[in-house]
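Residues per chain are reported as follows:
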Amino acid sequence: MNTDMSKTQTNNIVIFDTTLRDGEQSPGASMNLDEKLRIAQVLEAMGVDVIEAGFPIASDGDFEAVSEIARIIRNSTVCGLARATRGDIERCADAIKAAPRGRIHTFISTSPLHMEFKLQMEPDAVYEKVKESVTLARNLCDDVEWSAEDGSRTEHDFLCRCVEAAIDCGATTINIPDTVGYAVPDEYADLISMLFNRVPNIDKAIISVHCHNDLGLAVANSLAAVQVGARQVECTINGLGERAGNAAMEEIVMALKTRADHVPFTTGIDSTHIAKASRLVSTITGFNIQPNKAIVGANAFAHESGIHQDGMLKHAGTYEIMTPESVGLGKSTLVLGKHSGKHAFSEKLQALGYDLGDNAIKDAFKRFKDLADLKKEVFDEDIIALVDDEVVRVNDRIRLTSLEINCGTVHYPPKACLALEVDGESKDCCSTGDGPVDAAFNCIKELFPHSAHLQLYQVHAVTGGTDAQAEVTVRLEEGGKTVNGQSADTDTMVASVKAYINALNKLLVKREKSAPSALSA
Ligand code: KIV
Ligand code: ZN
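Residues numbered from 1 in each chain as written. Chains lettered and ligands numbered in written order. Predicted model: local features only at pLDDT ≥ 70, side-chain atom pairs only at ≥ 80, totals over all residues. Heavy atoms only, no water.

1. Some details on the packing of helix 7 (residues 185–198) against helix 8 (residues 218–227)
Reasoning step 1: Relative orientation of the contacting elements helix 7 and helix 8 amounts to 35 degrees, with a least axis distance of 8 Å. The element helix 7 and its partner helix 8 pack so that their crossing is right-handed. Listed contacts from helix 8 to P185, Y188, A189 and I192 of helix 7 are A220, N221, A224 and A225.
Reasoning step 2: In terms of residue class, the contact of helix 7 with helix 8 is made up of 7 nonpolar, 1 polar and no charged. (Axes fitted to C-alpha atoms, helices over the stretch in contact; angles between N-to-C directions. Helix = DSSP H or I, 4+ residues; strand = E, 2+ residues; numbered from the N terminus. Left-handed = near helix turned anticlockwise from the far one by under 90°. Contact = heavy atoms within 4.5 Å. Nonpolar A, V, L, I, M, F, W, Y, C, P; charged D, E, K, R; others polar.)

2. Examining the coordination of the zinc ion (ligand 2)
Reasoning step 1: Protein ligation of the zinc ion (ligand 2) involves D22 (OD), H210 (NE2) and H212 (NE2), the donor distances falling in the range 2.0 to 2.1 Å.
Reasoning step 2: Positions of the donor residues of the zinc ion (ligand 2) along the chain correspond to the pattern D-x187-H-x1-H. Residue D22 is found in the loop between strand 1 (14–17) and helix 1 (33–46), and its partner H210 is found in strand 7 (residues 206–211); the two are separated by 188 residues along the sequence. (Donors = N, O, S within 2.8 Å, 3.2 Å for Na, K, Ca; no water.)

3. Observations regarding the pattern of salt bridges
Reasoning step 1: Inspection of every chain in the model, using the stated rule, returns 26 salt bridges.
Reasoning step 2: Of the charged contacts in the structure, one is a salt bridge between K131 and E128, with a shortest N-O distance of 3.7 Å. Taken as a pair, K131 and E128 lie in helix 5 (residues 123–140) at a separation of 3 residues, close to a single helical turn.
Reasoning step 3: On the accessibility criterion, K131 (27% relative accessible area) is partly exposed.
Reasoning step 4: Residue classification places E128 among the partly exposed positions, given a relative accessible area of 39%.
Reasoning step 5: A salt bridge links R397 to D423, with the shortest nitrogen-to-oxygen separation between them at 2.9 Å. Placement of R397 in the loop between helix 14 (380–391) and strand 9 (398–406) and of D423 in the loop between strand 10 (415–422) and strand 11 (425–432) is noted, with a sequence separation of 26 residues between them. (Salt bridge = Lys/Arg side-chain N within 4 Å of Asp/Glu carboxyl O. Buried < 20%, exposed > 50% of the residue type's maximum accessible area, 1.4 Å probe, protein only.)

4. As for the state of the cysteines
Every disulfide links exactly two cysteines, by a covalent bond between their sulfur atoms.
Reasoning step 1: Under the criterion given, the structure shown has 1 disulfide.
Reasoning step 2: Considering cysteine sulfurs only, C211 is the nearest to C235, which forms no disulfide, with 10 Å between them.
Reasoning step 3: Look at C235 and you get buried, because its relative accessible area is 0%.
Reasoning step 4: Here C443 is not cross-linked by a disulfide; its sulfur's nearest cysteine counterpart is in C429, at 3.7 Å.
Reasoning step 5: Taking the relative accessible area as the measure of exposure, C443 reaches 0% and is therefore buried. (Disulfide = S-S within 2.5 Å.)

5. Structural notes on the sheet that holds strand 3 (residues 77–83)
Reasoning step 1: A barrel is described by the order of its strands in space; here 8 strands give the closed sequence 1-2-3-4-5-6-7-8, paired in parallel fashion. Averaged over all pairs of adjacent strands, the angle between their axes in this sheet comes to 25 degrees, without regard to strand direction.
Reasoning step 2: Inspection of the sheet shows strand 5 (residues 144–149) paired to strand 6 (residues 173–178) by 3 bridges, in the parallel sense. In the sheet register, W146 faces strand 6, and the bridge partner there is I174.
Reasoning step 3: Contacting strand 4 (102–109) and strand 5, helix 4 (residues 112–119) runs over the sheet at an angle of about 85 degrees to strand 4. (Pairing = 2+ DSSP bridges.)

6. Focus on the packing of aromatic side chains
Reasoning step 1: For the structure shown, the criterion picks out 6 aromatic pairs.
Reasoning step 2: Aromatic pair F345 and F368: ring centres 5.0 Å apart, planes at 25 degrees, arrangement stacked. Placement of F345 in helix 12 (residues 342–351) and of F368 in helix 13 (residues 358–374) is noted, with a sequence separation of 23 residues between them. A single burial state applies to F345 and to F368, both of which are buried. (Phe/Tyr/Trp six-rings, centres within 6.5 Å; stacked < 30°, edge-to-face > 60°.)

So, in structure tokens, the structure goes:
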């Protein structure tokens, strides 16, 4: 782990992941505490230097998530976000206090547009806030990052003044966000160079970049800035983030790795963890990855045309600039059959990166046996879906006990008969609907009346073939809060109903916590 000052002189790039903060600000991408902890552990295992775990003042849930992540993460720096106010900064310091390495990230807007309309403050007052906020943060934590929100649209003289003051007051990292994704690479690189040329104490801090992807240039802008001296890149898994998202970590890491001849910088990321992290974030948020997405899209390593396939057979380098293995996409291996034992199964889980307790292995093994009875071939992806499905179901108040569906051309209208256990009490009913999914969801509403709106219903086949498991995501919204429910099953209808029930269970937990409405940065 190195976020110390000597990095400005090195070619190592600090990877600052903000999936859990900026990423979670994507509409619909909300994650619960368990999900955030799982993502944080995967980020730590892959070698992320700094994990931005949340915005502690935003809600009690955010505070709890940052505190828990600070408690369990040992190797990465755990960072919390704070506006330039005493309340935010003190709450943030409190949330990160258990971390062996904690960071307060405080920010304020510096562009004329933001200062006039968003903050309604004069530049001099903003300048005073920069000094006050960084000084306060530095009194509470040795590692302080200061960000100039909308930095790429800030007047240069004012930006230099603020950066110099922030460093004087003790900021150890200075972040220059392209908040609205407006910059183009040479212009953004010039801005960073300008700071290196004009800010007298610039060598006392690490310069960081945080690029949004509104013009599809977030990664290009980040790399351009690295080439002129930036040594921290802020990014997210799968490029998740506000609007068009943030710079995608997997793209930054693989660009540096693959083009080390031209961009000679290293990161501490073990790129073989990329596929797992990408899948986990996509499953938890319900944000599917486009098939042609660089590095992690389903087609990123697929070669369809005859000419390409012929070239690949002669020499992989003809059309492949990096190997699937380098991002953790080993060949989709046929795993265990229905005669495989528990020992082989738990070894497989370990190889896939799961470190489960005895009881969880026992439950997963039973489900694996059931699956192996249904499905001829069980692949790594099936095991991952099965374990992920198990992990999301803890302390559920609502459980599915049985489901029967009539649909097709004969049975009209489609009808579902469903039995649930709600807080230990059995209930059942039958309903009709526009289709089998609608009929089943109507049953759930009858047995457990609620006013949540269905925002997303998404089905994805885990592997090929008609016996593939269906992985379903259901997003529900209630009072401005969203939750994503997931489930996987060889029966699409069972997976759909379980995903809906999973979302409802999460909503119930959210209701119990009933946090004040979240802020965003
Ligand atoms: O995009 C942005 O400016 C931010 C800051 C809070 C760093 O997310
Ligand atoms: Zn941002």
